[in-house]
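For reference, the chains in residue letters:
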Amino acid sequence: MKNWKKNVITAAILVTVCSGIYLNWVYTGGDDTKNLEDTLDAEKVMSDDLLYLGDNSVEVGGNDNTTITDYFAAVRLSRQEARDKAVSLLQEAMAYGDENQIAQSNAQLEQIIQNALCEAQIESLVMAKGYRDCVAYMTEDGISVAVASPEGGMQQSDVAVIADIVVSQSDYTIQDIRVVEVQ
């Protein structure tokens, strides 16, 4: 009975994710989405922006409010596209794989969903603290949180607030957190 419920929940999640992917494809007209470097300057994509970790900081320019909004939208779109591709590959592995591959794919799919939920929670809480925009990206090695520069620039207290949110909402330690100020 327990496995039956687990399989139903997994199937419901897969149907939801697949329908989201399908609707995304329908509303974009099936067009290939733009590369992040097409949307932003290649220098901005490859730069370090303002990274606070310890006492070191590096600043990169760009003060236009529209550019900041475009940056966060492009990063969210890029993150979603990467997830969609990973989900479709996992679904193929589940459809054509043996039981071991299905179990591994199912575990990876659950991890993708957990990461997406955790990132969304972190982003919501950071914006609730008064920051204009935020995007979080979780990997096995750590988490990067890009935050729109507050008025007067980001201070160490801002980094501490963001790090506290990340630590409370995830399993990462303070050493795994990278806070990037987007100006």
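Residues numbered from 1 in each chain as written. Predicted model: local features only at pLDDT ≥ 70, side-chain atom pairs only at ≥ 80, totals over all residues. Heavy atoms only, no water.

This next bit is on the overall build of the protein. Looking only at helices and strands, one finds 6 helices and 4 strands in the protein. With 183 residues in all, the protein has 32% of them scored as buried. Long-range pairs, those at least 24 residues apart, make up 62% of the contacts in the protein between residues at least 6 apart in sequence. If you sum the accessible surface of the protein, you get close to 11800 Å²; carbon and sulfur atoms cover 53% of it. (Helix = DSSP H or I, 4+ residues; strand = E, 2+ residues; numbered from the N terminus. Buried < 20%, exposed > 50% of the residue type's maximum accessible area, 1.4 Å probe, protein only. Contact = heavy atoms within 4.5 Å. Areas by Shrake-Rupley, 256 points an atom, 1.4 Å probe, with all protein chains shown as cover.)

Enumeration over the complete set of coordinates arrives at 4 salt bridges. Put simply, Glu 123 and Arg 79 hold a salt bridge, and the shortest N to O gap is 2.6 Å. Separated by 44 residues along the polypeptide, Glu 123 in helix α5 (residues 99–128) and Arg 79 in helix α4 (residues 65–96) bring together distant segments of the chain. Here the salt bridges share partners, and the residues they tie into one network are Arg 79, Arg 83, Glu 119 and Glu 123. (Salt bridge = Lys/Arg side-chain N within 4 Å of Asp/Glu carboxyl O.)

This part takes up a nonpolar patch on the surface. A grouping of Tyr 22, Leu 23, Trp 25, Val 26 and Tyr 27 is seen on the molecular surface, where their side chains present a nonpolar patch of about 620 Å² in accessible area. Mapping Val 26 onto the fold places it in helix α1 (residues 2–27). (Patch = residues over 30% accessible without salt bridge, like charges linked within 9 Å, V, L, I, M, F, W, Y side chains within 5 Å.)

For the rest of this paragraph, the subject is the packing of aromatic side chains. Here the distance between the centres and the angle between the planes together describe a pair of aromatic rings. A complete count under the given rule lists 1 aromatic pair for this structure. Both rings, one in Tyr 71 and one in Phe 72, keep their centres 5.4 Å apart while their planes meet at 75°; by these two values the pair is edge-to-face. For the pair Tyr 71 and Phe 72, a shared accessibility class is recorded, and that class is buried. (Phe/Tyr/Trp six-rings, centres within 6.5 Å; stacked < 30°, edge-to-face > 60°.)

What follows is about the confidence of the model for the protein. When pLDDT is low, close inspection of the predicted coordinates is not appropriate. Across the protein, the average pLDDT comes to 77, with 78% of residues at 70 or higher. Under a pLDDT of 50 for its full length, residues 39–63 has, in the predicted model, 44 contacts with residues more than four places off or in other chains. (pLDDT = per-residue confidence, 0-100.)

Compared with an ideal rise of 1.5 Å per residue, which puts 30 residues at 44 Å, α5 spans 43 Å between its outermost C-alpha atoms and is within 8% of the ideal. Of the residues making up α5, those classed as buried are Ser 105, Asn 106, Leu 109, Ile 112, Asn 115, Cys 118, Glu 119, Ile 122, Glu 123 and Val 126. (Expected span 1.5 Å × (residues − 1).)

Counting buried positions along strand β4 (residues 177–182) gives 5 out of 6 residues, so the element sits mostly inside the fold. Where strand β3 (residues 143–148) and β4 come together, 6 bridges link them in parallel fashion. From the neighbouring strand, Ala 148 faces β4, where its bridge partner is Val 182. Note on the crossover from β3 through helix α6 (residues 156–169) to β4: the handedness is right-handed. (Pairing = 2+ DSSP bridges. Right-handed = clockwise from strand over helix to strand, strands pointing away.)

The next subject is the pairing of strand β2 (residues 134–138). Each regular strand shows side chains that alternate between the opposite faces of the sheet. Burial of β2 is extensive: 4 of the 5 residues sit out of reach of the surface. Bridge count between β2 and β3: 5 bridges; the pairing is antiparallel. The residue bridging Ala 136 from the neighbouring strand is Val 145, located in β3.

Our next topic: the environment of Phe 72. Assignment of secondary structure puts Phe 72 in helix α4. Look at Phe 72 and you get buried, because its relative accessible area is 0%. Separated by 76 residues in sequence, Phe 72 and Ala 148 have C-alpha atoms that sit 8.7 Å apart. Contacts of Phe 72, omitting those with residues within four sequence positions, involve Asp 133, Cys 134, Val 135, Ala 146, Val 147, Ala 148 and Val 182.

Turning our eyes to something else, we now look at the nonpolar core. Among the nonpolar cores identified, the biggest contains 19 residues, and Ile 122, Val 126, Ile 143, Val 145, Val 147 and Ile 162 are the most heavily contacted of them. Contributing elements (two or more residues each) for this core: α5, β2, β3, α6 and β4. Here this core takes 5 residues from α6, the largest share from any one element. Ignoring anything within four residues of it in the chain, the contact list for Ile 122 reads Ala 136, Ile 143, Ile 165, Val 166 and Gln 169. Listed in part, the 9 residues of the second largest apolar core include Tyr 71, Val 75, Val 180 and Val 182. (Core = buried A, V, L, I, M, F, W, Y, C linked by side-chain atoms within 4.5 Å.)

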